Structure formats: C-alpha cells, structure tokens
Amino acid sequence: MTEIRWHSRAGQGAVSGAKGLGDVVATTGKEVQAFALYGSAKRGAALRAYNRIADEQIFNHAKFMYPDYVLVIDPALAMTDDITMNDKETTKYIITTHLSKEELIKEIPALQGKEDRVYVVDCIQISLDTIKRSMPNSPMLGAFVKVSGMFELDYFLENMKRVLKKFPQKIIDANMEAITRAYNEVK
Amino acid sequence: MPKEIFELQDREVWDGNYAASQAMRQAQVDVMAAYPITPSTPIVENYGNYVANGYIDGEFVMVESEHAAMSACVGASASGGRVATATSSQGFALMAEVLYQASGMRLPIVLNVVNRALASPLNVRGDHADMYLGRDSGWIQLGAFNAQEAYDLALCAFKIGEDHSVRLPVMVHQDGFITSHTAQNVYPLSDEEAYKFVGDFKPVDDMLDFSRPVTYGAQTEEDWHFEHKAKQHKALMDSRPVIDKVFEEFEKISGRKYNRVESYMMEDAEVALVGLGTTVETARVAAKQLRDEEGIKAGVVAIRNFRPFPFDLVRDALENVKSVGVTDRSSPGGAMGFFFNEVSAALYTTPKRPLVTNYIYGLGGRDFSIEDAKNIFREQKANADAGYITTDIQQFSGLRGPKLGFFQTKRS
C-alpha cells in the first residue's frame, strides 16, 4: 500500500490532482482511493487531499495515514502547516518552492535530518509559464512521477491526456508541458 | 430511448456520488424532482446534466424544497413513471413527512441518501443521523460501504422496489464524503446489461390510465388505517426473499454478491464488531490484522439491509461469539444507541446470549481509524475472557476530553 498526502489551498487543484493521479494509476490495474479533507471550502483555505494505491481492493476508509509521500503544492504551507505529521523514516517530501533545497530546509526545522528525502520543484512558476496561471497540481504530478518512479513519463502523459480530454487541446498541451518540465526540474 | 450514448470504460475511478448518478442514468429514470444539498448534490446535478445532454430520456423537475421534491416524486410515481431523487441531512429531515406518504401509497421511488449529520451544530459531514431518522418510514433501506456498492445497490433498488410483490420505496445509503467524495475503482456494467437487469418500468394503478381511475392517499380512520399499516409492514417483511433473489440475479451478471447481512471472518470468531457503512470495511482490516498480530479471533458483521431489519440473520451471524461491540454513528439522544438495541433484542432470543456493548463514534464525520476498531475488538476480548462486561455498556469512541460512558452490568 502506498499512501500519499497532499497539502494545498482550496483552488490549487489538489483534489483534481489526487483524482487525476488515481485515474492514471487505475489504468495500470491497481486499486486507488482519492479523497480530501477540507473545512468550509473557501478558496485559499488550507486543505489536505489523500491517495491510497494498492494491488488489492482498498478497505481502509480512515483519513488517518502514515504517508509514504507528502506533496506540498503551496509554498507557504510548507512553513505553516504540519507537513511532517505522522511521517515515517522513509517518507519522501516533494515541496513547491522557489528556494533551493538547502534554503528551504533551513527555514523548516522539522525537515532537518531528512535532507535525502526532501525534493523541491517550483510548481507555481512552472504553471505560470505553461498553463499561464497558478495551477500547481499538474507540475506536482510530473515531479511525483519522477521521484516515485511509479511510471514512465510517456505512459503517464498518454493517460493524463485521456483524463483531461474534456478540456480544449491548448489546455491539454499546456498541462503536458507543465508535467514534463516538473519531471525534469525536480531535485 | 436516449439520443446520446455515454462512453464508459470497464474500469472507472468514480466517487460515490458519480457512481450513484451513473446508475440513475443506466436505469433511465423518467422523473427526478430534486433540491440540492451537500454532500448529495452531484447525484441530482449529474442527472440534470444527462437529461440536458440527451443521455437520458427523462425530466428534471426543479422545486423549492426537499418537501416539494419528494412530493413531486410521489406525484410522478403515482402517475406511472420510474422516479428517483437524492438528499442528505436537513433535506432528508424536511422530506420526512412525505417519506411516510410515499411508502403508505406503495410507490417504488428510489432515494439516494448520502448520510450526513443533523444540525445543530451545523455540520456537512457523514454520520448516520439522517439514516436513523428514516428507519420507521416504511422504506426499504440498503447500505453501501463504498462507491462500487453505491452504484450496484442503486441498480438493485429499482428492481426490488418495482417488483409487483413489493411495491415499496427504497433508500440507498452511502456515507457522506467518506464514500460520496472518495474516488475509487468502480467496475460498471454496460448500459445494456444494466438496463436489462433493472428492466422496463411496469406501472400498477397508474393515475394516467384514465380508463381506470384510481385514488392515492385516501383518508382512513380507525375503520381501516390499522389494516393498511399492517399490510404495509407485512409487505416490508415479505420483501426479504425478493431482495435475496435480486442480489442473486445481480451476482450472475456482475460477479459481486450482496447479502442482507454480511459476515467477515465469523466462522470461528470469538468477538465481533457490528457496524454500518464504511466503518465495516475499516473494521475488516482491523479484524484481519488482530488475527495475524495478536491472535484475537475477531470478525465483523455488517447490516446491508437495514430495513426490513434482518432479525433472524443477525442472530444467526452472532449467536456463537462471546462478546459483541455494536457501533452507532448517530447521537443516541438519551438512550442506548438504536442499532445496539436492535442487535441486542435479536441476541436476547438466542440460547447463549453473548455479551453486547455499545460504541457511539464518528459523529459529524469524526475519523474512525483501524486503531479505533482494534480497541473495540480488544475490549470485547477482555469481556470474553472475563465472562462479563468489563467496561461501561455504552461508551463514546474517539471523543476528545474525559472518557464518557454509561451503565454497568448488574452482577450478583
């Protein structure tokens, strides 16, 4: 069982990101779960979204988890939210930031000692460049594909095209570019 | 027939709301009258979308409240159409009056209930307060534990309620957010298979048959009211074999078998948890782990068919265990949990009379974790070993602050 926790703000697309990831994972024959925990869903309010991925049907419906991956798609939440909550010795962090990894970890004491498990990528800038607005969910998926090694990039892109098929071609292309850039830039 | 064909994959990733709305589409519901409320809104919203885009040959009726929604459903159903809607919580409460009208008139309406807490305090999340509110309304009540089941049971609901030997309205329950907003793998039937299973709607005494005028909702006083209600209760009780038959037929086309009472690892179980909704599946994970890790012979009994209450099947499932924890996800309002009372009544008529305790949990969407379920099993194990109830008979599980519980066993 692989468990993923997203830290996001309402409107940044973590719920869509979690569902999109679930959609693609399901095509590989695995079982998935994607859900979110938000208060009164106001744009900008902090929220968490979750994925579970397993070979067998998933029966656990609890929100509680010890995440294998923590995906932070809002730069400020890395500082203000409890992103290391219930983490494990092996939990990997992918964090949206314009800072370097060293600069970021210096700001967040909870990440110190976990340097080899922290990855950074500027999903906000990538989405501004490609999608032309702040929509950091798609780039985060690209970074996740790279860090997790769960899929080949091409396989993931092909399937994301299907997930996004209701959108105009221009938007699909921009998302593909965003995913690809984050895949290449995450470090 | 619908103008447009909806493209479906063999394997979809759907949340419970989307799954339920796809079942509404495949059953080609003629009329849906609805007033939206979180968390069930997407079910009726999607139906409206399917009608507008030609995927359903049906009619969406906009109304000013849930009371009006169910009233319009009553009218449409009595007129001779296949009718369904969806609601939650406060909307369900506002519908309550008309729920009794629908069942008393024997109208096979399908109501998707996405379970949510009742205010106050205002809360949009899942607990079973609304489901419990419907328990005496004369409807058949089916419970889904995940999105797949919300889809499957919605299809079964039409076939059960519309059976001419049943002719009763059916609720299909799913947990708000935990099922309704959680996307999981769902394996849908093709449109042809699904519609063939549900079948054409065959009206009985429809009001639009002008050659044979009928009256719905006539007044009866002490001369006939009692006989009508007795007949209605008997119809509910007699729906049990029809439900079994529909579940068998559904297994033939889907490979998925449903039972009015679902037992998990109960063959040799010493202790059991009894539950409803998504809790059941989380508890199954806990039972399996406890067997592997702590040697506790734990099992889970789930009520799939809440009404008519499977008194005999509950008894069969639990009579050989030593201690049972019954979970209620609804504020008990000054009594033992209602589900505890029903299970206890069934077990009181068994020779061995297992110990039974009551856990109130998960109100307003409070998380229910694997560890919470394990604690319930461990307490049952302690009861089983001691031979008496070692805790308060009613306890609150997952509550912050001081432990809250009531009543202890009387021991001589």
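On a predicted model such as this, the values are computed, not experimentally measured, just so you know.

### Considering a negative patch on the surface
Okay, so step 1: Taken together, the side chains of Glu-102, Glu-103, Glu-107, Glu-115 and Asp-116 of chain A present a region of like negative charge at the surface.
Okay, so step 2: Relative to the assigned elements, Glu-102 of chain A resides in helix α3 (residues 101-107).

### Here's the deal with the environment of Ile-253 of chain B
Residue and element names in this part refer to chain B.
Okay, so step 1: By the secondary structure assignment, Ile-253 is in helix α8 (residues 225-254).
Okay, so step 2: With relative accessibility at 33%, the residue Ile-253 sits in the partly exposed group.
Okay, so step 3: As a C-alpha pair, Ile-253 and Glu-193 span 60 residues in sequence and 7.6 Å in three-dimensional space.
Okay, so step 4: Look past the residues within four positions of Ile-253 in its chain and what remains in contact with it is Leu-189, Glu-193 and Phe-197.

### What to know about unusual backbone geometry
Residues and elements named next belong to chain B.
Okay, so step 1: Here the amide bond leading from Ser-120 into Pro-121 is cis, since omega sits at -5 degrees, within 30 degrees of zero.
Okay, so step 2: Within the secondary structure, Pro-121 is located in the loop between β5 (110-115) and α5 (129-133).
Okay, so step 3: Residues Arg-307 and Pro-308 are joined by a peptide bond in cis, for which omega reads -5 degrees.
Okay, so step 4: Non-glycine residue Arg-106 carries a positive phi angle of around 60 degrees.
Okay, so step 5: One can find Arg-106 in the loop between α4 (89-104) and β5.

### Side note on the packing of helix α3 (residues 66-79) of chain B against α4 of chain B
All names here are of chain B.
Okay, so step 1: Between α3 and α4, whose axes approach to 7 Å, the crossing angle comes to 25 degrees. Relative to α4, the element α3 lies roughly parallel. α3 and α4 meet at a crossing whose hand is right-handed. Contacts between α3 and α4 pair Glu-66, His-67, Ala-69, Met-70, Ser-71 and Val-74 from the former with Gly-91, Leu-94, Met-95, Glu-97, Val-98, Leu-99 and Ala-102 from the latter.
Okay, so step 2: Grouping the constituent residues of the contact of α3 with α4 by class yields 8 nonpolar, 3 polar and 2 charged.

### Let's talk about the domain arrangement of chain B
Residues and elements named next belong to chain B.
Okay, so step 1: We note that the domain assignment places domain 1 (12-184 + 218-254) and domain 2 (261-406) within chain B.
Okay, so step 2: Each partner contributes to the interface: domain 1 provides 30 residues, whereas domain 2 provides 27 residues.
Okay, so step 3: Interface area lost by domain 1 to domain 2 is led by Tyr-132, Arg-135 and Phe-145, which between them contribute 34%.
Okay, so step 4: Our enumeration of links across domain 1 and domain 2 arrives at 1 salt bridge.
Okay, so step 5: We note a salt bridge from Arg-304 to Glu-149, for which the minimum N-O separation is 2.7 Å.
Okay, so step 6: Between the two partners, domain 1 and domain 2, sit 13 residue pairs in polar contact (both at pLDDT 80 or more).
Okay, so step 7: Top contributing element to the side of domain 1 that touches domain 2 by residue count: α8, with 6 residues.

Reading the values: rules and limits
Residues numbered from 1 in each chain as written. Chains lettered and ligands numbered in written order. Predicted model: local features only at pLDDT ≥ 70, side-chain atom pairs only at ≥ 80, totals over all residues. Heavy atoms only, no water. Patch = residues over 30% accessible without salt bridge, like charges linked within 9 Å, V, L, I, M, F, W, Y side chains within 5 Å. Areas by Shrake-Rupley, 256 points an atom, 1.4 Å probe, with all protein chains shown as cover. Salt bridge = Lys/Arg side-chain N within 4 Å of Asp/Glu carboxyl O. Lys, Arg positive; Asp, Glu negative; His and termini not counted. Charge placed at Lys NZ, Arg CZ, Asp CG, Glu CD. Helix = DSSP H or I, 4+ residues; strand = E, 2+ residues; numbered from the N terminus. Buried < 20%, exposed > 50% of the residue type's maximum accessible area, 1.4 Å probe, protein only. Contact = heavy atoms within 4.5 Å. Axes fitted to C-alpha atoms, helices over the stretch in contact; angles between N-to-C directions. Parallel < 35°, antiparallel > 145°, perpendicular 65-115°, else oblique. Left-handed = near helix turned anticlockwise from the far one by under 90°. Nonpolar A, V, L, I, M, F, W, Y, C, P; charged D, E, K, R; others polar. Domains from an automatic or database assignment. Buried area = accessible area lost by both parts, 1.4 Å probe. Polar contact = N/O pair within 3.5 Å; in protein donor to acceptor, adjacent residues only side chain to side chain.

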